[in-house]
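Geometric and topological summary
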Amino acid sequence: MEIIAPELQQEAHSFNQFYAAQEQGHTLKAIFRDVLGYDEFPPEIVPYSFVSRDDLTRIAALLALREGQVLADIACGNGSIGLWLARQSGAHLIGVDYAEAALTLARGKAQALGLSARSQFTHGSFADTTLKDQTADAVVSIDAIWLASDQQQACDELARILRPGGRLVFTSWEQHVPMAIVKQPVTDYRPLLERAGFTVESYAYLEHSEVLMKDIYERIRNSAGTLLQEMGEPVKGLIGEAHFVPGLVDGVNYLARENGPHVLVSAQRV
């Protein structure tokens, strides 16, 4: 088992609690699947991110995976995104996360989807994925890199594990207004990627994300009592986020495009 760095231990503990409670979170699952348009997907596909069904289809096209290739999903969470991509493409999946409960959920989903034979899930972080050099033909990361303690280091690490010519596709938020939880704000990912040895192929703002996030957060606020009954203490952080991010706590609307635009980035390893 990977030894988690001290600065990640508290964060990992929080995520572990949240993922451990997900199996009881029927209401939360329904909120995300409904708003993001995942109702036609297998029930195991429940990413707690803000990537819609159409966004996920777009991500698959950008990755251009072929059968038998290796996809690394970094900060994979419960594995939903990587497993869907592997299922659609025939690729082999390596999911990396530092929350043990997330990895346990991901392995269970892989088994339910019949993907255990071509998927594995392992401990790691953006600072150290624990993967060997040039392991992957493609790398994906969804709504996570903005939380890395050093986002340049994260880009360097993603470049290291990619084979030359391999593609990185990720979603994240540019940070133009400081948020306490963001350790190293980034206003544009392109310079970081170029320094890491990538050629940026596309850099698109997901203009619809604000609408999706407002809907999800409103439903979470309206369902707070039920969510607490189902999931208990671990869901309190998400309920607090649903009040804070839209500006209901400090008056700053972090959803607004000028404050924190959601980006979809595709880059190729030189």
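Now for a description of the structure that goes with this document. (Residues numbered from 1 in each chain as written. Predicted model: local features only at pLDDT ≥ 70, side-chain atom pairs only at ≥ 80, totals over all residues. Heavy atoms only, no water.)

1. Section: the layout of surface pockets
The probe, sized like a water molecule, is rolled over the atoms to show the empty space still left. In this structure, the second largest pocket encloses a volume near 160 Å³. Gln22, Glu23, Gly25, His26, Lys29, Pro43, Val46, Tyr48, Asn78, Leu105 and Lys109 are the residues that line the second largest pocket. Elements supplying a minimum of two residues to the lining of the second largest pocket: α2 (26–36) and α5 (100–112). (1 Å grid on protein atoms, 1.4 Å probe; cavity = no way out; pocket = protein on both sides within 12 Å on 5 of 7 lines; lining within 4 Å. Points joined across faces, edges and corners; volume = space filled by probe spheres on them. Helix = DSSP H or I, 4+ residues; strand = E, 2+ residues; numbered from the N terminus.)

2. Quick look at the side chain of Thr129
Positionally, Thr129 belongs in the loop between β3 (119–123) and β4 (136–142). One polar contact links the side chain of Thr129 to the main-chain amide nitrogen of Leu131, over a distance of 3.2 Å. Every residue in contact with Thr129, bar those within four places of it in the chain, is listed here: Ile74, Val96, His123, Gly124, Glu157, Arg160 and Ile161. (Polar contact = N/O pair within 3.5 Å; in protein donor to acceptor, adjacent residues only side chain to side chain. Contact = heavy atoms within 4.5 Å.)

3. Thoughts on the environment of Pro164
Among the secondary structure elements, Pro164 is positioned in strand β5 (residues 162–173). Residue classification places Pro164 among the exposed positions, given a relative accessible area of 55%. Along the chain, Pro164 and Thr130 lie 34 residues apart, while their C-alpha atoms are 19 Å from each other. Excluding residues that lie within four positions of it along the chain, Pro164 makes contacts with Gln134, Arg269 and Val270. (Buried < 20%, exposed > 50% of the residue type's maximum accessible area, 1.4 Å probe, protein only.)

4. Considerations on the sheet that holds strand β1 (residues 70–74)
Spatial strand order, β3-β2-β1-β4-β5-β7-β6: 7 strands in an open sheet with mixed pairing. Of all strands in the sheet, those bounded by a partner on one side alone are β3 and β6 (198–205). In this sheet, neighbouring strand axes are inclined to one another by 15 degrees on average, regardless of whether the strands run parallel or antiparallel. For β5 and strand β7 (residues 262–269), the ladder comprises 7 bridges, and the chain directions are antiparallel. Pairing of Thr171 across the sheet is with Leu264, part of β7. Across the sheet, helix α4 (residues 80–89) lies against β1, β2 (92–97), β3 and β4, angled at about 165 degrees from β1, the strand it touches most. (Pairing = 2+ DSSP bridges. Axes fitted to C-alpha atoms, helices over the stretch in contact; angles between N-to-C directions.)

5. Focus: helix α9 (residues 224–231)
What α9 keeps buried is the set Ala224, Leu227 and Met231. End-on view of α9: buried residues confined to an arc of 60 degrees, all on one side of the axis. Of the residues one or two after α9, Gly232 is the one with positive phi, at around 70 degrees. (Arc of directions from axis to C-beta.)

6. Section: the packing of aromatic side chains
This model, assessed by the stated rule, comprises 14 aromatic pairs. A centroid spacing of 6.1 Å and a plane angle of 45 degrees characterise the contact between Phe32 and Phe50, whose relative ring orientation is tilted. Residue Phe32 is found in helix α2, and its partner Phe50 is found in the loop between α2 and α3 (53–63); the two are separated by 18 residues along the sequence. On the accessibility criterion, Phe32 (3% relative accessible area) is buried. Cluster of aromatic residues (ring-pair linked, three or more members): Phe15, Phe18, Tyr19, Phe32, Tyr48, Phe50, Tyr98, Trp146, Trp173 and Tyr217. The cationic tip of Arg190 hangs over the ring face of Tyr203; the distance from NZ or CZ to the ring centre is 3.8 Å. (Phe/Tyr/Trp six-rings, centres within 6.5 Å; stacked < 30°, edge-to-face > 60°. Lys NZ or Arg CZ within 6 Å of the ring centre and 35° of its normal.)

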